[in-house]
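Coordinate analysis (summary)
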Amino acid sequence: MLIPTFIGVTLVAFFFIRLLPGDPILLLAGERGISAERYAELQHSFGFDKPVIIQYLNYLMGLFHGEFGMSMVTRRPVWDEFFSLFPATLELSFVAIIIAVLVGIPAGVIAAVKRGSFFDHSVMTGALIGYSMPIFWWALLAIIVFSGWLQWTPVSGRISVMYFFEPVTGFMLIDSLLSDQSGAFGSTISHLILPSIVLATIPMAVIARQTRSAMLEVLGEDYVRTAQAKGLSKLRIVGMHALRNALIPVVTTIGLQVGVLMAGAILTETIFSWPGIGKWMVDSISRRDYQVVQGGLLMIAMLVMVVNLVVDLLYGLINPRIRHR
Amino acid sequence: MTDNTIETVSRQSTKAVLKEFWFYFSVNRGAVIGLFVFLTLVLIAFFAPYIAPHDANMQYREAFLLPPAWVDGGNSSFLLGTDAVGRDILSRLIMGSRLSLFVGVIVVVIALTGGIVLGLIAGYYGGKVDTTIMRIMDIILAFPSLLLALVLVAVLGPGLVNAMISIAIVLQPHFVRLTRAAVMAEREREYVVAARVAGAGPLRLMFLTILPNCTAPLIVQATLSFSNAILDAAALGFLGMGAQPPTPEWGTMLAEAREFILRAWWVVTFPGVSILITVLAINLIGDGLRDALDPKLKRS
């Protein structure tokens, strides 16, 4: 299943990028222009002078050696750039999904248990608004309110320029703690909080809705009634019996949010100048950095595919009905 | 005579179906509110040139970044204020409603048509045809939708039309999957077999016999895609890859307003509110449709 899709993805990455308008070499040369010899030389060094099929096969062979191309602007391998920026995106997405789960699941559970109450209506309204939110606007609003009016958080970046330390893990939250500089960790948190809340908005809404409907379904099951008849406390019924089964579809939903997070990261990172792969992709598209878009597109697609596979496996692990098939 | 009777009966049954549908739809109060808001938006879009108080692209040189009328320094002729080059924001929003609804309709029509045709073919014929189509859809789904749309627009060149095509391509696999699943469930039912035995050709079987029985999930998905299309088009506009300035598209307006966010909150706030209200209304309708069309939820 995965391999044909993988080959298809490489084909898409390869051919779509070839179709981009603009000659990359002329673009690289800029306004000064370029001599014919140098042009031919560069064409040769990038392999643009060979037939397209050969270029694709070379590309595919390169992939298996971990060669995802070279940025035409920075002259660094795409692979290196990806992994130097990826921790920033991972940190942001990870914190966002934690927020989404920590808020979304309890909100969904309580809404289901107190079905029809004021709380239920508020959560469902909030979830629908969150789900309909244009997050790029939501990010701008957050900046106006929290950075402009209240001056609580900085507008952009990952940490204040006052602090500098060599990246150890690439994750600012860990690196700032390791650096022993007082205030660095606080600065990291204050930079992280707005973008992660913005990025968490849609997954939070989806998780809350999904949890509520899964919970409602489970609460109507016979075994819940049995537990009630046995006189178990409501907390025990909901927490021990119902939640476990309700969470099975929710886990899939959380996994499927990875694609949503990647799309959201493109917008969130652009607005908050967050140096991650979302911003990197947008910048590369506008700079027409062929190789970066190609490599980045492929690596992001592979990432999403792998996560979806893991979710499928995880689903079998937590759902005994599927496990024994 | 007989034909007339059949026609009358079928018209009555259509009426009954619609009546039943409205009964379940109107139970959901949010959906009715959403429908009302949406119809208002459609009216605004339709009569936009007559409603808008100013020309959307007219730059008033004496009125740069004027705040809304109710704020100190506001001017009652510019109800929601003006932007950085002195254009009336309200008029631009009203004209922008046309674009957003237009984008939604076109994208859904393209994605729905393509999705239904491919899904019917895949589900009806099965085998290699099915595998090929579904594999291509899997490939599209492997990319985060906004990223793929962004790359497609980069290939085709920035602009609203190309943005619509890209979004339609990205949204289409959902329709293919839904149609295929429904067709596979219906394909071996008695009424389909009966029609086939009676000599109906594959086209007739696909489009006239099977398709009408698969419409419920497609309608719900179309509603969701409608709001997604509006959101994605605005996002592309915001990233500079959708409608180009000076088009009064809501996302593009937000992009132009970005540098003024800390000085003039209104240039950022109102386009976003417009997007949110539109998308929210459509999603409310979508929820209502899902509840009304899902037979499992009808507990009568």
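Residues numbered from 1 in each chain as written. Chains lettered and ligands numbered in written order. Predicted model: local features only at pLDDT ≥ 70, side-chain atom pairs only at ≥ 80, totals over all residues. Heavy atoms only, no water.

1. What about the overall build of chain B?
Scanning chain B from terminus to terminus reveals 12 helices and 0 strands. Taken from N to C terminus, the helices and strands of chain B fall in the order α-α-α-α-α-α-α-α-α-α-α-α. Summarising its shape, the C-alpha atoms of chain B cover approximately 75 × 45 × 35 Å along the three principal directions. Out of the 300 residues in chain B, the part that is buried amounts to 51%. Taking contacts inside chain B between residues at least 6 apart in sequence as the whole, the part at least 24 apart equals 69%. Accessible surface for chain B amounts to roughly 14400 Å². Of this, 66% is attributable to carbon and sulfur atoms. Averaging the locations of the 22 positively and 20 negatively charged side chains of chain B gives two centres separated by 7 Å. (Helix = DSSP H or I, 4+ residues; strand = E, 2+ residues; numbered from the N terminus. Buried < 20%, exposed > 50% of the residue type's maximum accessible area, 1.4 Å probe, protein only. Contact = heavy atoms within 4.5 Å. Areas by Shrake-Rupley, 256 points an atom, 1.4 Å probe, with all protein chains shown as cover. Lys, Arg positive; Asp, Glu negative; His and termini not counted. Charge placed at Lys NZ, Arg CZ, Asp CG, Glu CD.)

2. Quick look at the overall build of chain A
In terms of helices and strands, chain A carries 14 helices and 0 strands. Element order for chain A, N to C, with α for helix and β for strand: α-α-α-α-α-α-α-α-α-α-α-α-α-α. When its C-alpha atoms are laid out on the principal axes, chain A stretches across 85 × 55 × 35 Å. Looking at chain A as a whole, 48% of its 325 residues qualify as buried. In the form shown here, chain A has an accessible surface area of approximately 16300 Å², with 67% of it arising from carbon and sulfur atoms. Side chains of chain A carry 22 positive and 20 negative charges; the gap between the two charge centres is 14 Å.

3. Quick look at the interface of chain B and chain A
Listed by partner, the interface residues are 37 residues for chain B and 42 residues for chain A. Interface area for chain B against chain A, summed over the two sides, is near 3700 Å², with a carbon-plus-sulfur share of 84%. Contact with chain A buries surface across chain B, with Phe143, Leu147 and Val155 of chain B losing the most and accounting together for 15% of the total. Across the contact surface, chain B and chain A share 1 salt bridge. Residues aspartate 287 of chain B and arginine 209 of chain A are paired through a salt bridge, measuring 3.0 Å at the closest nitrogen-oxygen approach. For the side of chain B that touches chain A, the elements supplying multiple residues, two or more each, are helix H5 (127-142), helix H6 (145-156), helix H10 (215-238) and helix H12 (265-293) of chain B. Looking at which element gives the most residues to the side of chain B that touches chain A, the answer is H12 of chain B, with 13 residues. (Buried area = accessible area lost by both parts, 1.4 Å probe. Salt bridge = Lys/Arg side-chain N within 4 Å of Asp/Glu carboxyl O.)

4. A few points about the packing of helix H5 (residues 78-113) of chain A against helix H13 (residues 290-318) of chain A
Residue and element names in this part refer to chain A. One way to put it is that H5 packs onto H13 with a least axis distance of 10 Å and a crossing angle of 55°. Here H13 runs oblique to H5, going by the angle between their axes. You can see that H5 and H13 cross each other, and the crossing is right-handed. Two secondary-structure elements touch here, H5 through Val78, Trp79, Glu81, Phe82, Phe83 and Phe86 and H13 through Gln291, Val292, Gly295, Gly296, Met299, Ile300 and Leu303. Within the contact of H5 with H13, the residues separate by chemical class into 9 nonpolar, 3 polar and 1 charged. (Axes fitted to C-alpha atoms, helices over the stretch in contact; angles between N-to-C directions. Parallel < 35°, antiparallel > 145°, perpendicular 65-115°, else oblique. Left-handed = near helix turned anticlockwise from the far one by under 90°. Nonpolar A, V, L, I, M, F, W, Y, C, P; charged D, E, K, R; others polar.)

5. Digging into helix H6 (residues 118-131) of chain A
Along its 14 residues, H6 of chain A runs 20 Å from first to last C-alpha, staying within 8% of the 20 Å computed at 1.5 Å per residue. Those residues of H6 of chain A that are buried are in contact with H5 and helix H9 (184-219) of chain A together with H12 of chain B. (Expected span 1.5 Å × (residues − 1).)

6. Comments concerning the side chain of arginine 87 of chain B
Residues and elements named next belong to chain B. Relative to the assigned elements, arginine 87 resides in the loop between helix H3 (48-51) and helix H4 (89-125). Reaching out from arginine 87, the side chain makes a polar contact with the side chain of glutamate 256 at a distance of 2.8 Å. Ignoring any residue separated from it by four or fewer positions in sequence, one finds arginine 87 in contact with Ala56, Asn57, Met58, Gln59, Gly81, Thr82, Arg92, Pro246 and Glu256. (Polar contact = N/O pair within 3.5 Å; in protein donor to acceptor, adjacent residues only side chain to side chain.)

7. Focus: the domain arrangement of chain A
As far as domains go, chain A holds domain 1 (2-64) and domain 2 (78-289 + 300-324). Measuring from the centre of the C-alpha atoms in domain 1 of chain A to the corresponding centre in domain 2 of chain A gives 36 Å. (Domains from an automatic or database assignment.)

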